[in-house]
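The residues making up each chain are set out below.
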Amino acid sequence: MTRPTLSIVVPCYNEEACLEQLHARLSAAAGAVAPGAYEIILVNDGSRDRTWTIMQALAAADPRLVAINLSRNHGHQLALTAGLDLCAGERILIIDADLQDPPELLPDMMAEMDRQQADVVYAVRRARAGETAFKLGSAKLFYRVLSRLAEIEIPVDTGDFRLMSRRALDALLALPEQARFIRGMVAWIGFRQVPIVYDRAERLAGETKYPLAKMIRFALDAVTGFSTAPLRFASHIGLWLVAASALLLAYIAIGFFTGTAIQGWTSLMLVVVILGAVQMFVLGMIGEYLGRLYMESKRRPLYIVAEIAGRAEGAARLGH
Ligand code: UDP
Ligand code: MG
């Protein structure tokens, strides 16, 4: 099989209102840089709306489009992984379905990759339109905390919107973990990675597919995937508490020998409550790691493909 010059991979969850315009703008952008030599891979991540129906219609009309239907909602990062596994291009563009990331940046990304001899060109968000103050604040905080904790350098304010070379993608796909934080995993593989700055637009239609619970899970996957600092946190607290209790012990001894020991219900309760809280917190943190360790140990496939529409090769790829 000859590889297309470019693959564009898009995870889609309940994006019926975006798909047609997405397809038009992706085709225009890809047609400009790789005329007749690109493929667009749309992954339906168990949508509950008409996303799959629309995808099938698009795939029937456009021979450059491959539509993958996952068996259920597997989550953004796994849907993306499915598309990346099945794409064949020399270069791979990852982009969201809601057109918050402009496909029109593609020529610049291609040029930057050539000019800098880079394996990854990642898009850094300068401005973000149409997001809530909470989303902006939490995202900003998240990327900064993560970059302090992570053992590798993960670029801040960078989503999955990026252009990758085939060898970078192959390296990425060799990482087997279930809890996938793809933007961190790409940073981990190394090679030459360069930023390109852009302004993030508002979502074209529909609403965010990242409610708070998913955001928290995503953040925990990121931290636990790239840092064991929270585990060390327990031993640090432990050490400080040892020091504090030595002081307390001295204080109690003085009280005992001078006969001024007080009844101390308040201080006792305080110590019990604080220690209880700290212990629960630390236990929870250990649990986050342990739970992930357990899930990883099952070695389940990352996702299940139900069907593929479009391009004979697309169907053939289901075999591997
Ligand atoms: N997405 C997905 N599965 C999910 C949640 C999201 O495939 O379970 C896709 C979604 O369709 C979009 C991308 O992931 O293409 C990013 O989601 P969204 O735009 O809602 O996130 P936000 O931009 O609000 O952070
Ligand atoms: Mg979005």
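Residues numbered from 1 in each chain as written. Chains lettered and ligands numbered in written order. Predicted model: local features only at pLDDT ≥ 70, side-chain atom pairs only at ≥ 80, totals over all residues.

## A short note on the overall build of the protein
Rules: Elements are defined by DSSP. Helices are runs of H or I of four residues or more, strands are runs of E of two residues or more, and each kind is numbered from the N terminus. In this description the radius of gyration comes from C-alpha coordinates, and the expected globular size is given by 2.2 Å times residues to the power 0.38. Whether a residue is buried, exposed or partly exposed is read from the other C-beta atoms within 10 Å of its own C-beta, which are placed from the backbone; 20 or more gives buried, 12 or fewer gives exposed, and intermediate counts give partly exposed. Contacts are defined on C-beta atoms placed from the backbone: any two residues whose C-beta positions lie within 7 Å are in contact.
Across its full length, the protein holds eleven helices and eight strands. What you see for the protein is a C-alpha radius of gyration of 25 Å, clearly larger than the 20 Å of a compact globule of 320 residues, by over 25%. Principal-axis analysis of the C-alpha atoms gives the protein an extent of 90 × 40 × 35 Å. Going through the 320 residues of the protein one by one, you find that 32% of them count as buried. Across the protein, contacts joining residues at least 24 apart in sequence account for 84% of those joining residues at least 6 apart.

## Some points on the UniProt feature "domain: Glycosyltransferase 2-like" (unreviewed entry) in the protein
Here is the rule we go by: UniProt positions are given in the numbering used here, feature names are shortened, and annotations may be inferred rather than shown by experiment.
UniProt records the feature "domain: Glycosyltransferase 2-like" (unreviewed entry) for residues 7-172 in the present numbering. Helix makes up 43% of residues 7-172 and strand 24%. Its end C-alpha atoms lie 15 Å apart.

## As for the sheet that holds strand β8 (residues 305-309)
Note the following rule: Pairing between two strands requires that DSSP report at least two bridges joining them. Only the stretch in contact is used when a helix axis is fitted, and all axes are lines through C-alpha atoms; the angle between N-to-C directions ranges over 0 to 180 degrees.
Pairing within the open sheet is mixed, and its eight strands lie in the order β7-β5-β6-β4-β1-β2-β3-β8. Of all strands in the sheet, those bounded by a partner on one side alone are β7 (193-200) and β8. If you compare each strand with its neighbour and ignore which way they point, the axes differ by 20° on average. Relative to strand β3 (residues 65-70), strand β2 (residues 38-44) runs parallel, the two being bridged by five bridges. Pairing of Ile41 across the sheet is with Val66, part of β3. Sheet strands in contact with helix α4 (residues 106-116) are β4 (91-94), β5 (120-128), β6 (158-165) and β7, and its direction is about 160° off that of β7.

## A closer look at unusual backbone geometry
The residue Asn14 is not glycine, and still its phi comes out positive at about 50°. Looking at where Asn14 falls in the secondary structure, it is placed in the loop between β1 (6-12) and α1 (19-33). Owing to 19 C-beta atoms within 10 Å, Asn14 belongs among the partly exposed residues under this scheme. Of note in the backbone geometry, Leu99 takes a positive phi value of approximately 60° without being a glycine. Mapped onto the elements of the fold, Leu99 is located in the loop between β4 and α4.

## A short note on the site of ligand 1
Let me state the cut-off plainly: Contact assignment follows one rule, namely that a residue is near a molecule or strand if its backbone-placed C-beta atom lies within 6 Å of it. All residues other than Ala, Val, Leu, Ile, Met, Phe, Trp, Tyr, Cys, Pro, Asp, Glu, Lys and Arg, Gly among them, are scored as polar; the first ten of these are nonpolar and the last four charged.
In the vicinity of ligand 1 lie 16 residues, with Pro11, Tyr13, Ala97, Thr208 and Lys209 positioned nearest. Split into classes, the residues belonging to the shell around ligand 1 amount to six nonpolar, five polar and five charged.

## Comments concerning the pairing of β5
With four bridges connecting them, β5 and β6 associate as antiparallel partners. What sits directly across from Tyr122, in β6, is Arg162. The pairing of β5 with β7 spans eight bridges and is classified as parallel. Its bridge partner lying in β7, Ala123 is registered against Ile196.

## Details of the nonpolar core
Within soluble globular proteins, side chains that are nonpolar generally end up buried alongside one another. Put simply, the rule is: Note on terminology: a nonpolar core is a set of buried residues of type Ala, Val, Leu, Ile, Met, Phe, Trp, Tyr or Cys, with members joined through C-beta atoms within 7 Å.
In this structure, Ile8, Val10 and Ile41 are the most contacted members of the largest nonpolar core, which totals 67 residues. With six residues, helix α3 (residues 76-86) is the largest single contributor of residues to this core. Once residues within four sequence positions are removed from consideration, Ile8 is found in contact with Leu26, Ala30, Tyr38, Ile40, Ile41, Leu93 and Ile95.

## What about helix α8 (residues 212-226)?
Counted only if it meets this: By this rule, a helix spans an expected 1.5 Å times one less than how many residues it contains.
Helix length check: α8, at 15 residues, gives a terminal C-alpha distance of 21 Å against a target of 21 Å (1.5 Å per residue), a fit within 8%. What α8 keeps buried is the set Asp221, Ala222, Val223, Thr224 and Phe226. Buried positions along α8 lie against α5 (133-149), α7 (182-189), α9 (229-258) and α10 (265-298).

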